Amino acid sequence: MSYSELYTRYTRVWIPDPDEVWRSAELTQDYKEGDKSLQLRLEDDTIREYPIDVQNNQLPFLRNPDILVGENDLTALSHLHEPAVLHNLKVRFLESNHIYTYCGIVLVAINPYEQLPIYGQDVIYAYSGQNMGDMDPHIFAVAEEAYKQMARDEKNQSIIVSGESGAGKTVSAKYAMRYFATVGGSASDTNIEEKVLASSPIMEAIGNAKTTRNDNSSRFGKFIEIGFDKKYHIIGANMRTYLLEKSRVVFQADDERNYHIFYQLCAAASLPEFKELALTCAEDFFYTSHGGNTAIEGVDDAEDFEKTRQALTLLGVRESHQISIFKIIASILHLGSVEIQSERDGDSCSIPPQDEHLSNFCRLLGVEHSQMEHWLCHRKLVTTSETYVKTMSLQQVVNARDALAKHIYAQLFSWIVEHINKALHSSLKQHTFIGVLDIYGFETFEINSFEQFCINYANEKLQQQFNSHVFKLEQEEYMKEQIPWTLIDFYDNQPCIDLIEAKLGILDLLDEECKVPKGTDQNWAQKLYERHSNSQHFQKPRMSNTAFIVVHFADKVEYLSDGFLEKNRDTVYEEQINILKASKFSLVADLFHDDKDSVPATNTAKSRSSSKINIRSSRPPLKVSNKEHKKSVGYQFRTSLNLLMETLNATTPHYVRCIKPNDEKLPFHFDPKRAVQQLRACGVLETIRISAAGYPSRWTYHDFFNRYRVLMKKRELANTDKKSICKSVLESLIKDPDKFQFGRTKIFFRAGQVAYLEKLRADKFREATIMIQKTVRGWLQKVKYRRLKAATLTLQRFYRGHLARRLAEHLRRTRAAIVFQKQYRMQRARLAYRRVCWAAVIIQSFTRAMFVRRNYRQVLKEHKATIIQKYARGWMARRHFQQQRDAAIVIQCAFRRLKAKQELKALKIEARSAEHLKRLNVGMENKVVQLQRKIDDQNKEFKTLTEQLSAVTSTHAMEVEKLKRELAHYQQNQEADASLQLQEEVQSLRTELQKAQSERRVLEDAHSRENGELRKRVADLEHENALLKDEKEHLNNQILRQSKAESSQSSVEENLLMKKELEEERSRYQNLVKEYSRLEQRYENLRDEQTPGHRKNPSNQSSLESDSNYPSISTSEIGDTEDALQQVEEIGAEKAAMDMTVFLKLQKRVRELEQERKKLQVQLEKEQQDSKKVQMEQQNNGIDVDQDADLAYNSLKRQELESENKKLKNDLNELRKAVADQAMQDNSTPSSPDSYSLLLNQLKLANEELEVRKEEVLILRTQIMNADQRRLAGKHMEPNINARTSWPNSEKHVDQEDAIEAYHGVCQTNSQTEDWGYLNEDGELGLAYQGLKQVARLLEAQLQAQSLEHEEEVERLKAQVEALKEEMDKQQQTFCQTLLLSPEAQVEFGVQQEITRLTNENLDFKELVEKLEKNERKLKKQLKIYMKKVQDLEAAQALAQSDRRHHELTRQVTVQRKEKDFQGMLEYHKEDEALLIRNLVTDLKPQMLSGTVPCLPAYILYMCIRHADYTNDDLKVHSLLSSTINGIKKVLKKHNDDFEMTSFWLSNTCRFLHCLKQYSGDEGFMTQNTPKQNEHCLKNFDLTEYRQVLSDLSIQIYQQLIKIAEGLLQPMIVSAMLENESIQGLSGVRPTGYRKRTSSMVDGENSYCLEAIIRQMNSFHTVMCDQGLDPEIILQVFKQLFYMINAVTLNNLLLRKDACSWSTGMQLRYNISQLEEWLRGKNLHQSGAVQTMEPLIQAAQLLQLKKKTHEDAEAICSLCTSLSTQQIVKILNLYTPLNEFEERVTVSFIRTIQAQLQERNDPQQLLLDSKHMFPVLFPFNPSSLTMDSIHIPACLNLEFLNEV
């Protein structure tokens, strides 16, 4: 390919620039062969002519296409050269804020000088297990690659971190070690990973310092070996250090500091334990004040010192050793501040005797003051004959002092490193290790000394190793792809290394000059000039005779020879060392006794390497001088460096090159000059050059086919072999066969060929675009013409239609006018006709009416005349008839009178004759005789009755006289007015009774009225309280609205926060359960490791009993609050840790005790008043008791006599009246015997009834007297006036209404009685009187009791009212105070008040629950005791009956067992428990129970538990539950990767837990039980605590289930969701870099599609449903799995630049829709799984949205609410166009997004926590099955279980 084809118009190139190093330009015209210049247009539109070197044909570098800019691997660039690398790094660093970039096998890390949230645990887990090229570049990716290759290849690895000071080497090495500590972890509880991390702050404190380039610069090199066992867990570590910069201890340049530990110790000098150090601030000491400023901005030395002490403690350094270390460090500060005075002669000097610093130095190190003072100013010279003591000049003394300080610090540094290695050392066998080398980068300053020379020498060695490794990898790649290997010429720095370390090299000459007694730096420099002047890597400066120049691989460095010899010798006077060896402190003496003239790190490294790895150098070892008395620093460094290189050569290295973007430490500021210098120095550009020399661009055949299929022809696509298609296409497109090579799986291209192919592809697309545009524009014009033509035709059609419609309208109007005229004329004619017709009709009607009226009058006149005629003729006829009748009557009367006169005359004649008289007297004589006889009989009967009456009368008179005498005698005995008093007393009693009744009614009315008033008052108060609450709510709503105006939706956020806190609390608890299970698993593993053979549990104790968190059956009592208080008092306030809950409990208890004290005081006062009243009433009652008894007896007797007298009087009056009537009848009609006999019969009946009544009166009298005596006795026995009477029915409860009804009935009877004799006829008066008294007393007692109750109720209500008033006052005060606060404070205060109220209520409920539980336990305990007694009694009776039957039966009788129903209990013997657990738990397979009832083992276990509960065997219950739980744990541990088994036991454990709840007897769990199920409840034991244990076990099983499911799904997620093409042909392919080479990928990687995930989840769902897992738990499982899918996919999206494209967004949306469809198909859409996918959904939408204008930014901000600001910005930064037609997201648009999202309070975490687990809830789900309906299959082998 010629240059003319490449350098055409619009081609962009790079030209050198003095400010920006490289600058972009664009050709304005084509380049032709022979042109001497190029016409360029710069980015600022300025035109420039660029000259061309015609001889060398040096054209400017070509710029890569925009699609390749921002690549995460520099080797993926088509044009590989310095400007392309620099521009790509700049774009990634400034625009995308990406600090990591791959460059082949090198990770380039640019220091951002800002804390970035990309190093958290979530990022570590995201990179764990991922291939290096799949994710964005990161230090974790390099660490993961090293860890993976160590595990895969079982070969040691090393990570080499290099760079100049301030580039971030230490931080990168620290993060790499953190990754190994997190991913590897320790195999035991030694916390070795924490110790490895803890070594970092110690080494930073003693080995890091502030320089002009870095605030935390490492001034030494270190190589940390992290050891792993066969399971690749961290077991130990070892650290080797190189070339500590000792000169910094005594000197620092301007604006630099000494080592951090000095300033940290000075910052903590005020602590009491450091008073003896006699330290002050750092400015007061000479060694810490050279640099001027002793503080670092943003660094707290005191806080860092505390971290250093904690790290020392963690690494096992004792407190005494720490104090000794700090004493040594403080002594160095004091030594540097010792005042040295020069004497007058100048050859000697002295130290003032009172120098405090020297005294403190000697005191702190435990040495003699006088000797140290002497030997600091003198030295000893030893010759063969004698020894001299010589004084030293001031400069010599200062040098000796500084050398001593440096030596002390170096020895202390080595001692600390040695102890760190001891702490990190492990006794376990190391299998492999990963080494992290944090070593200084290439350095060049204005003045370069011995330290820079050693540093650059080490970098030369490392660069040589790097070049050879890169060359080796390239060779392996070519050989693997079977490409012809051609030697690549690369820079070899072996001559430079030989210049330094070969025989008679720089170091050899330096050591030789150090051995010369009078050797100087100038002599050594002259020897170098003479020896190496011909070397191409050695030069002599023109203006100096003491400096020399070494041409290193990175740059030329000029070294000043002054001080080389002194630093190489590292001379310390032996006398001073001897003084330190004699120190009284063991640590100080040990520091110098162990100095054996060799580097400790070297020995350590040799011992470690010899114990594990046999390393043999590829080059012959250097010869060592015969004099071993003192090795120089250069020799020690060269030896340790060679050993390091041998170790690195025996490992697989990984390179991290740290770049410092600017010298001002500004965040995200890029200085191209400084970056280019470091890129040249660290070997990145050399890597690029080696890659460019070969075939840097590599494509797989599949990717090349997909990317460049547009360049292929149709006939070529007909071939099915993609490899042959690619070959034919490339051969036709690229004519030079050397520009590409076909490998086994890849196509290799020379530099620039991919850019050429991209240009061809872009041209093809441009042609296709032009063709599409031409066609579309033609089509648009055709469409426009057709639209115009159609519009014209439409206009014509509408116009013609308009004309036709107008003509039709005219014709229609004309026709309508004619119709109107016709109708109008017709209407007029019709109206005229109707008018005439109407007039004619009216005339006819009036005429006819006139004739009709005339005829009517005529008819009326005739009718009236007829009526007159009728009445006249009737009157005349009646008059004639009456005249005729009167005449007839007169005639008849006359005739009849005549006839009567004649008849009377005839009768008078007949009466005068005798025969008539005879007929009348016939029969009269007989009648007279009969009447006479009857009269005689009646007279006889009357006489007999008269006699009887007289006898009765005399008897009655005698009795009356007798009674009168008795009455008179009684009246004489009593006072004259006794009867009156009795009557008055009765009357007074009646009045009192009425008064009591009225008072009672008044009291009742008052009580009802007062009760009503109280209720009304309470109602008013409640109403007022409700109003206040409403007002408060209204005000709260106002406050909330105000706060919402200030901060939107604060209340919703608070609710969400409370819910989140609840979820977090539940999550913390479940995490504790998870941590406990993890620790338990670790304990089991350790026990297995300790006892690898057969292990047996103790027989007398189950493993469950050994755990402290497993409870026993809850039968013991739990102490209440007083016990807790007493316990707190006993323990003491210092030891009793009282949390807030206990404090609130105690505070509430104090308030309750205060209220109880007030109540007791009020009751005591009431009881005192009642006792006084009772005493006074007892005194009065004692006097009136006898009088009441006599009066009651006399009144009863008098009433009886009066009633009898009145009855007798009534009888006599009736008899007298009857006799009088009889006499009157005798006078009138003497014959009346019936009435007389009636009177006699009545008299007899009255006498008999009188006798009966007398007997009844006597009986009742005796009963009344006895009752009175008992009542009086009861009164004397009970002093209380309200005591109950002793009537027979007095013990029965008398209802108040019944008593009142009885009283009204008696009163009504009294009102109806008119006669006292009638009332007392059968002795009812006494009974009524006694009943009234009893009712009165009863009512009085009830009234008093009710009054007391009402008083107490009134007082209680008053107390409540007072309490409510106080509370209202408090609330009003609080409300007033709240109004004064700000809205935020108001909301916060309201929340606090509500929390306090809820806490108090919660405490009340807790106390109530505790009391109820305590009572329940007491009752259960008593019930158990009684049940035990009953069972013992029944057993004894059964035994006695069996014995008795045994004696009675003399022959064998067969007893037939009566068949009974199965009761849902299973019985087993104690020795069969192990067999039960083995068959039902340990050896059970889920497949055995297919087709049976789900969760059958849970039901069987509960039936066994129920039988143990039925037999009251607590040991059996405890043993069975313990064995079951242990068996389940054992099964889960054995099958920790079996989803089916874990799901099976999760469902059974949950069902077992549900059974224990459902049949616990708790009403809250029995609401859905049937009566049959209620019979299956437990009777004796409360297994609440075991329910908690089973709940924790369920949580552990659930977490294991999720872990197994995630383990199965996680390998599929990234491939299925991001990489697989669900929509074919949508995704494009971009160029790939070196990281995608085949050697870096694991062979046989699987590629999954979305259907694989759906099949796997179908399998999960089927298994869980078949095994009867609760639907709620299934929903939670898939919610968790979908969250994991969302987290893993989104995290990979955020860490993969190649995945952030429009096509990926489309693929994601399609995949998510498929998952949502699956959820709906399985009816799982209510699980919340879709909500967990919301961040991924929004990320997919973000990839597809337009990203240009301000409106687009607003749409993105409103849409992406579930994504954090960092995630949105990260996706926008990572967004990568797949072709040149897409545009990148501009930096200004990203800044706009950031500005709009500033108000969000998003967390700083970038990635989602894929390990996060939602807290699981196990809702109660009762079973509808009854225990007696469950059948046990024979496959379980449970024949030993007996159905009860």
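Below, the structure is looked at part by part. (Residues numbered from 1 in each chain as written. Predicted model: local features only at pLDDT ≥ 70, side-chain atom pairs only at ≥ 80, totals over all residues. Heavy atoms only, no water.)

**Here's the deal with the overall build of the protein**
The criterion, for reference: Secondary structure elements follow DSSP: runs of H or I of four or more residues count as helices, runs of E of two or more count as strands, with numbering from the N terminus. Contacts were defined at the residue level, with two residues in contact if any of their heavy atoms lie within 4.5 Å. Areas reported here follow the Shrake-Rupley algorithm with a probe of radius 1.4 Å; residue values treat only the protein chains shown as occluding.
Counting its secondary structure elements, the protein contains 53 helices and 26 strands. The contacts in the protein between residues at least 6 apart in sequence include a share of 74% that link residues at least 24 apart. Per element, the accessible surface of the protein, about 105,000 Å² overall, is 53% carbon and sulfur.

**Structural notes on the packing of aromatic side chains**
The criterion, for reference: What counts as a ring pair is set by centres within 6.5 Å for rings of Phe, Tyr and Trp (its six-membered ring), and what kind of pair is set by the plane angle: stacked under 30 degrees, edge-to-face over 60, tilted for all other angles. The rule for a charge over a ring is simple: NZ of Lys or CZ of Arg within 6 Å of the ring centre, and within 35 degrees of the ring normal.
Taken as a whole and judged by the stated rule, the model has 40 aromatic pairs. Among the aromatic residues, those joined into a cluster by ring pairs are Phe450, Phe453, Trp524, Tyr529, Phe538, Phe548, Tyr559 and Phe564. Directly above the ring of Tyr263 sits Arg257, whose terminal nitrogen or CZ lies 4.0 Å from the centroid. The aromatic ring of Phe742 is capped on one face by Lys727, whose charged end is 5.6 Å from the ring centroid.

**Describing unusual backbone geometry**
Short version of the rule: When a residue's accessible area, from a 1.4 Å probe over protein chains only, is under 20% of the maximum for its type it is buried; when over 50% it is exposed; and in between it is partly exposed.
Of note, Asn97 is a non-glycine position whose phi angle comes to about 55°, a positive value. Along the chain, Asn97 falls in the loop between α2 (82-95) and β6 (100-103). The partly exposed category is assigned to Asn97, whose relative accessible area is 30%. One non-glycine residue, Tyr113, adopts positive backbone phi at about 55°. Among the secondary structure elements, Tyr113 is positioned in the loop between β7 (106-110) and α3 (121-127). Tyr113 sits in the buried class, given a relative accessible area of 18%.

**Observations concerning helix α41 (residues 1496-1510)**
Applicable threshold: What a helix should span is 1.5 Å times the count of its residues minus one.
Between its first and last C-alpha, α41 extends 21 Å over 15 residues, near the 21 Å set by a 1.5 Å rise per residue. Of all 15 residues in α41, 14 are buried, a share of seventy percent or more. Backbone geometry just downstream of α41 places Asn1512 in the positive-phi region, at approximately 60°.

**A closer look at the pairing of β6**
Short version of the rule: At least two bridges found by DSSP between two strands is the condition for calling them paired.
Alternating positions in β6 separate into two faces, Tyr100 and Tyr102 on one and Thr101 and Cys103 on the other, with burial throughout. Two elements, β6 and β7, share 4 bridges in a ladder whose sense is antiparallel. From the neighbouring strand, Tyr102 faces β7, where its bridge partner is Leu107. Joining the antiparallel neighbours β6 and β7 is a turn of 2 residues, in which Gly104 adopts a positive phi near 70°.

**Here's the deal with a negative patch on the surface**
Put simply, the rule is: Patch building starts from residues that exceed 30% relative accessible area and form no salt bridge, then joins like charges within 9 Å and nonpolar side chains (Val, Leu, Ile, Met, Phe, Trp, Tyr) within 5 Å. Each reported salt bridge corresponds to a side-chain nitrogen of Lys or Arg within 4 Å of a carboxyl oxygen of Asp or Glu. Counted as positive: Lys and Arg. Counted as negative: Asp and Glu. His and the chain ends are not counted at all. Charged side chains are reduced to one point each, which is NZ for Lys, CZ for Arg, CG for Asp and CD for Glu.
Judged by side-chain charge, Glu1010, Glu1013, Glu1349, Glu1351, Glu1352 and Glu1353 come together as a negatively charged surface patch. Secondary structure elements with two or more residues in the negative patch: α30 (978-1046) and α38 (1324-1380). Top element by residues in the negative patch is α38. It accounts for 4 residues. Secondary-structure assignment places Glu1353 in helix α38. On the basis of relative accessibility, which here comes to 31%, the residue Glu1353 falls in the partly exposed class.

**Here's the deal with the sheet that holds strand β5 (residues 61-62)**
How we decide: In this analysis, axes come from line fits to C-alpha atoms, helices being fitted only over the stretch in contact, and the angle between any two N-to-C directions falls in the range 0 to 180 degrees.
Within the open sheet, the 5 strands sit side by side as β4-β3-β2-β1-β5. Their pairing is antiparallel. For this open sheet the edge positions go to β4 (47-51) and β5, each flanked by a neighbour on one side alone. Sheet contacts for α2: β1 (12-17), β2 (21-27) and β5; angle to β2, the most-contacted strand, approximately 100°.

**A closer look at helix α48 (residues 1702-1721)**
Under the 1.5 Å per step criterion, the end-to-end length of α48 is 29 Å for 20 residues, consistent within 8% with the ideal 28 Å. Along α48, the residues that are buried comprise Ser1703, Thr1704, Gly1705, Gln1707, Leu1708, Asn1711, Ile1712, Leu1715, Trp1718 and Leu1719. On its buried face, α48 is in contact with α45 (1584-1619), α46 (1650-1666), α47 (1671-1694), α49 (1729-1732) and α50 (1734-1744). Positive phi shows up at Asn1723, right after α48, with a value of about 60°.

**Observations concerning the sheet that holds strand β17 (residues 432-438)**
Strand order in the open sheet formed by 7 strands is β6-β7-β21-β8-β17-β11-β12, with mixed pairing between adjacent strands. Across the chains shown, the open sheet's two edge strands, defined by having one partner strand only, are β6 and β12 (234-242). Looking at each pair of strands side by side, their axes are set apart by 20° on average, direction ignored. Across 5 bridges, strand β8 (residues 157-162) lies against β17 in parallel orientation. Pairing of Gln157 across the sheet is with Ile434, part of β17. Running at roughly 120° to strand β21 (residues 652-659), helix α13 (residues 450-480) makes contact with β7, β8, β17 and β21 of the sheet.

**What about the environment of Cys1700?**
Secondary-structure assignment places Cys1700 in the loop between α47 and α48. Counting along the chain gives 73 residues from Cys1700 to Asn1773, while the straight-line C-alpha distance between them is 9.1 Å. Apart from the residues within four sequence positions on either side, Cys1700 is in contact with Leu1693, Leu1743, Ile1771, Leu1774, Tyr1775 and Thr1776.

**Quick word on a positive patch on the surface**
Together, Lys480, Lys723, Lys727 and Arg744 line one region of the surface with positive charge. Residue placement: Arg744 occurs in the loop between β23 (740-742) and β24 (746-749). The exposure class assigned to Arg744 is partly exposed, which follows from its relative accessible area of 43%.

**Some thoughts on a nonpolar patch on the surface**
A contiguous nonpolar surface patch, about 400 Å² in accessible area, is contributed by Ile772, Val776, Trp779 and Leu780. You can see Ile772 is positioned in helix α27 (residues 753-911). Accessibility expressed as a relative area gives 52% for Ile772, which makes it exposed.

**A closer look at the packing of α50 against helix α52 (residues 1765-1774)**
Here is the rule: Roughly parallel refers to an angle under 35 degrees, roughly antiparallel to one over 145, roughly perpendicular to one between 65 and 115, and oblique to any angle outside these ranges. In this scheme the handedness of a crossing depends on how the near helix is turned from the far one: anticlockwise by less than a right angle means left-handed, clockwise means right-handed. When residues are sorted by character, Ala, Val, Leu, Ile, Met, Phe, Trp, Tyr, Cys and Pro go into the nonpolar class, Asp, Glu, Lys and Arg into the charged class, and all the rest, Gly among them, into the polar class.
Look at α50 against α52: their axes get within 11 Å of each other, and the N-to-C directions meet at 40°. As far as their axial angle goes, α52 and α50 are oblique. For the pair α50 and α52, the sense of crossing is right-handed. Seen from α50, the contacting residues are Ala1739, Leu1742 and Leu1743; seen from α52, they are Ile1768, Ile1771 and Leu1772. When the residues that make up the contact of α50 with α52 are grouped by side-chain class, the tally is 6 nonpolar, no polar and no charged.

**A few points about the pairing of strand β16 (residues 387-391)**
Sheet topology note: the strand β15 (residues 378-382)/β16 ladder contains 5 bridges and is antiparallel. Bridge pairing in β16 places Val382 opposite Thr387. Taken together, β15 and the strand that follows it, β16, pair antiparallel across an intervening segment of 4 residues.

**Re the side chain of Gln411**
Here is the rule we go by: We call two N or O atoms a polar contact when they sit within 3.5 Å, provided that within protein one can donate a hydrogen and the other can accept it, with sequence-adjacent residues counted only if both atoms are side-chain atoms.
Structurally, Gln411 can be placed in helix α12 (residues 394-424). Within the local environment of Gln411, its side chain forms a polar contact with the backbone oxygen of Leu591, the two atoms lying 2.9 Å apart.

**Here's the deal with the packing of helix α42 (residues 1514-1534) against α45**
Following both chains from N to C, one finds α42 and α45 inclined at 5°, their axes separated by 11 Å at the closest point. Overall, the two elements α42 and α45 adopt an arrangement that is roughly parallel. Residues His1518, Leu1521, Ser1522, Ile1525, Ile1528, Lys1529 and Leu1532 of α42 lie in contact with α45, whose contacting residues are Tyr1586, Val1589, Leu1590, Leu1593, Gln1596, Ile1597 and Gln1600. Across the contact of α42 with α45, the residue classes break down as 9 nonpolar, 4 polar and 1 charged.

**What about the nonpolar core?**
Put simply, the test is: We define the nonpolar core as a collection of buried residues of types Ala, Val, Leu, Ile, Met, Phe, Trp, Tyr and Cys that are connected through side-chain atoms lying within 4.5 Å of one another.
Counting residues in each nonpolar core, the largest one holds 326 residues, and the members touching the most others are Phe180, Phe262, Met372, Leu404, Phe548, Ile1500 and Phe1678. Considering each element in turn, this core owes the most residues, 18 residues, to α45. Beyond its immediate sequence surroundings of up to four residues, Phe180 is in contact with Ala143, Ala146, Tyr147, Ile159, Gly185, Ile226, Phe228, Ile234, Ile434 and Val436. Residues Phe704, Val729, Phe742 and Leu757 belong to the second largest nonpolar core, which totals 20 residues.

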